[in-house]
Amino acid sequence: MLRVIFNQKGGVGKSTITCNLAAVAARRGLRTLVIDLDTQANATQYLLGEQPREAADTIAGYFEDTLSFRIYPRDIHAIARPTGYDNLAVVAAHPALETLQGRLESRYKIYKLRESLNALEGYDRIYIDTPPALNFYTRSALIAANRCLVPFDCDAFAQQALDELIAAVDELKIDHNPELVIEAIIINQFQSRARLPGELVDRLREQGRPVAEPYLPSSVKVRESHQVARPLIDLAPRHKLTAAFIELHDYLEAK
């Protein structure tokens, strides 16, 4: 099962959701891989505690190989790094992704990630963190995946952005990947006592959108988790947000 976490809005919690769902999956005994396609490398920093200095052994190195004529190019498994948590590995991002993008687009390498992941063995779950833009890397991920998770932050502008996102995913599904579905809209940083978040979520449900439960509550514990580079299930296993991530993971697995 391969899930891509995508929203073209920044600051909606893509990396946080990616890493914490993956950490729960790994704790459940599922062999789990996180692939970081964002040049900011937030998921990489979160799971490894640092960003790699060299591009060669990152996803940037993988894409660089697709532009060359190496007889034996490295596969995704060869650049996956252990995280220090059982059953959890990460393919790190690197700033070199930015300069590679134009060359990859001009050489039409949009299907390479799907080809590699289709041949990949040894993992039960794969989560792909994407940039906050519908660029080459995001499209590559959506073409490779069979499920898309959409973080929704209950912002006043979030509804319009969501409508545009769904239209873009539907178009890509028709043109490139008929197996792709928007599995769930994940309500993030939900404030139950505020009026607007509840109204926005109710509107999504009225529109028939696949809103996941539970909603992820707002918590300063997330910042602490980022700072020490430890997923919540490891840092604070009894915290309310950790419980919400566990419940959300199990909700998605039961679908």
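Per chain, residues are indexed from 1 in the order of the written sequence. In keeping with the model being predicted, local features are shown solely for residues with a pLDDT of at least 70 and side-chain atom pairs are shown and tallied solely at 80 or more, while totals for entire chains, interfaces and linings include all residues. Side-chain figures throughout are based on the complete set of non-hydrogen atoms in the structure, without hydrogens or water.

Where an unreviewed UniProt entry is consulted, the chain appears under the name Chromosome partitioning protein, with the organism given as Spiribacter vilamensis.

> Go over helix H1 (residues 14-27) with me, naming the residues and quoting the values.
Secondary structure elements follow DSSP: runs of H or I no shorter than four residues count as helices, runs of E no shorter than two count as strands, and numbering proceeds from the N terminus. Expected span, for any helix, means 1.5 Å times one less than how many residues it has. With 14 residues, H1 should reach 20 Å at 1.5 Å per residue; the first-to-last C-alpha distance of 20 Å fits that figure. By the criterion of burial, H1 is predominantly enclosed, with 13 of the 14 residues buried. Following H1 by one or two positions, Gly-29 has its phi on the positive side, about 95 degrees. Accessible area is worked out with a 1.4 Å probe on protein chains only. A residue is then buried under 20% of its type maximum, exposed over 50%, and partly exposed in between.

> Provide a residue-level description of the packing of H1 against helix H11 (residues 240-254), including the pertinent values.
Their axes nearest at 9 Å, the elements H1 and H11 cross at an angle of 75 degrees. Considered as vectors, H1 and H11 are oriented roughly perpendicular to each other. Residues Thr-16, Ile-17, Asn-20, Leu-21, Val-24 and Ala-25 of H1 touch H11, and the partners they reach there are Phe-245, Ile-246, Leu-248, His-249 and Leu-252. Among the residues making up the contact of H1 with H11, the classes are represented as 8 nonpolar, 3 polar and no charged. In this analysis, axes come from line fits to C-alpha atoms, helices being fitted only over the stretch in contact, and the angle between any two N-to-C directions falls in the range 0 to 180 degrees. Roughly parallel means an angle under 35 degrees; roughly antiparallel means over 145; roughly perpendicular covers 65 to 115; every other angle is labelled oblique. The contact criterion used throughout is that any non-hydrogen atoms of two residues lie within 4.5 Å. Note that Gly is not counted as nonpolar here; it falls among the polar residues with everything else outside the nonpolar set of Ala, Val, Leu, Ile, Met, Phe, Trp, Tyr, Cys and Pro and the charged set of Asp, Glu, Lys and Arg.

> Kindly report on unusual backbone geometry, identifying the contributing residues and their values.
A cis amide bond links Glu-213 to the next residue, Pro-214, at an omega of 0 degrees. Mapped onto the elements, Pro-214 comes out in the loop between helix H8 (195-206) and helix H9 (221-228).

> So what's going on with the sheet that holds strand S2 (residues 32-36)? Residues and values would help.
Read across the sheet, 7 strands follow the order S3-S4-S2-S5-S1-S6-S7 without closing on themselves; strand pairing throughout is mixed. Each edge of the open sheet is held by one strand with a lone partner, namely strand S3 (80-82) and strand S7 (181-187). Averaged over all neighbouring strand pairs, the angle between strand axes comes to 25 degrees, with direction disregarded. Both strand S6 (residues 147-152) and S7 contribute to a ladder of 6 bridges, which runs parallel. Opposite Val-150, over in S7, you have Ile-185 as the bridge partner. Pairing between strands is defined by DSSP: at least two bridges between the two strands are required.

> Can you explain the pairing of S6? Please cite residues and give values.
Along S6, 5 of the 6 residues are buried, which leaves the element largely enclosed by surrounding structure. Between S6 and its parallel partner S7, the chain crosses via helix H7 (residues 158-175), and the hand of that crossover is right-handed. With its strands directed away from the observer, a crossover is right-handed exactly when the path from the first strand over the helix to the second travels clockwise.

> So what about the pattern of salt bridges? Which residues, and what values?
Salt bridge criterion: a side-chain nitrogen from Lys or Arg within 4 Å of a carboxyl oxygen from Asp or Glu. Inspection of every chain in the model, using the stated rule, returns 16 salt bridges. Its salt-bridge partner being Arg-31, residue Asp-124 comes within 3.0 Å of it at the nearest N-O pair. Taken together, the positions of Asp-124 in the loop between helix H5 (112-119) and strand S5 (125-129) and Arg-31 in the loop between H1 and S2 put the pair 93 residues apart, joining distant regions of the chain. Residue Asp-124 is classed as partly exposed on the basis of its relative accessible area of 22%. A relative accessible area of 42% places Arg-31 in the partly exposed class. Among the ionic contacts, a cluster of salt bridges with common partners joins Arg-3, Arg-125, Arg-147, Glu-183 and Glu-253.

> Kindly report on the environment of Leu-165, identifying the contributing residues and their values.
Within the fold, Leu-165 resides in helix H7. Among the residues examined, Leu-165 registers a relative accessible area of 0% and is labelled buried. C-alpha of Leu-165 to C-alpha of Ile-143: the two residues are 22 residues apart in sequence and 15 Å apart in space.

> Report on the nonpolar core, specifying residues and quantitative values.
In terms of nonpolar packing, the biggest core is built from 52 residues, with Ile-35, Ile-59, Phe-63, Ile-76, Leu-117 and Ile-128 touching the most fellow members. Not counting residues within four places of it along the chain, the set of residues in contact with Ile-59 comprises Ile-35, Asp-36, Leu-37, Ile-76, Ile-79, Val-91, Ala-92, Ala-93 and Leu-97. By nonpolar core is meant a set of buried Ala, Val, Leu, Ile, Met, Phe, Trp, Tyr and Cys residues that side-chain atoms within 4.5 Å join together.

> Quick one: what's the story with the state of the cysteines, residue by residue and with numbers?
Cysteine sulfur atoms that pair up within 2.5 Å are treated as a disulfide. Under the criterion given, the structure shown has 0 disulfides. Not part of a disulfide, Cys-148 finds its nearest cysteine sulfur in Cys-19, a span of 16 Å. A relative accessible area of 0% places Cys-148 in the buried class. You can see Cys-154 has no disulfide; the closest cysteine sulfur is in Cys-148, sitting 17 Å from it. When its relative accessible area of 7% is taken as the criterion, Cys-154 is described as buried.

> Lay out the side chain of Ser-219 with the relevant residues and their values.
Looking at the element boundaries, Ser-219 is found in the loop between H8 and H9. Look at Ser-219 and you get buried, because its relative accessible area is 19%. Polar contacts here mean pairs of N or O atoms no more than 3.5 Å apart (in protein, one a potential hydrogen donor and the other a potential acceptor; neighbouring residues in sequence count only if both atoms are side-chain atoms). At 3.1 Å, the side chain of Ser-219 forms a polar contact with the backbone nitrogen of Lys-221. Sequence-distant contacts of Ser-219, defined by excluding residues within four places in its chain, comprise His-239 and Leu-241.

> Any details on the packing of aromatic side chains? Residues and values, ideally.
Between two aromatic rings, the relevant description is the distance of the centres plus the angle of the planes. The rule is short: rings of Phe, Tyr and Trp, with Trp giving its six-membered ring, pair when the centres are within 6.5 Å, and they are stacked under 30 degrees, edge-to-face over 60, tilted in between. Inspection of every chain in the model, using the stated rule, returns 6 aromatic pairs. With a centroid separation of 6.1 Å and 65 degrees between ring planes, the pair formed by Tyr-108 and Tyr-111 is classed as edge-to-face. Relative accessible area serves as the criterion here: at 23%, Tyr-111 is assigned to the partly exposed category. Among the aromatic residues, those joined into a ring-pair cluster are Tyr-62, Phe-63, Phe-136 and Tyr-137.

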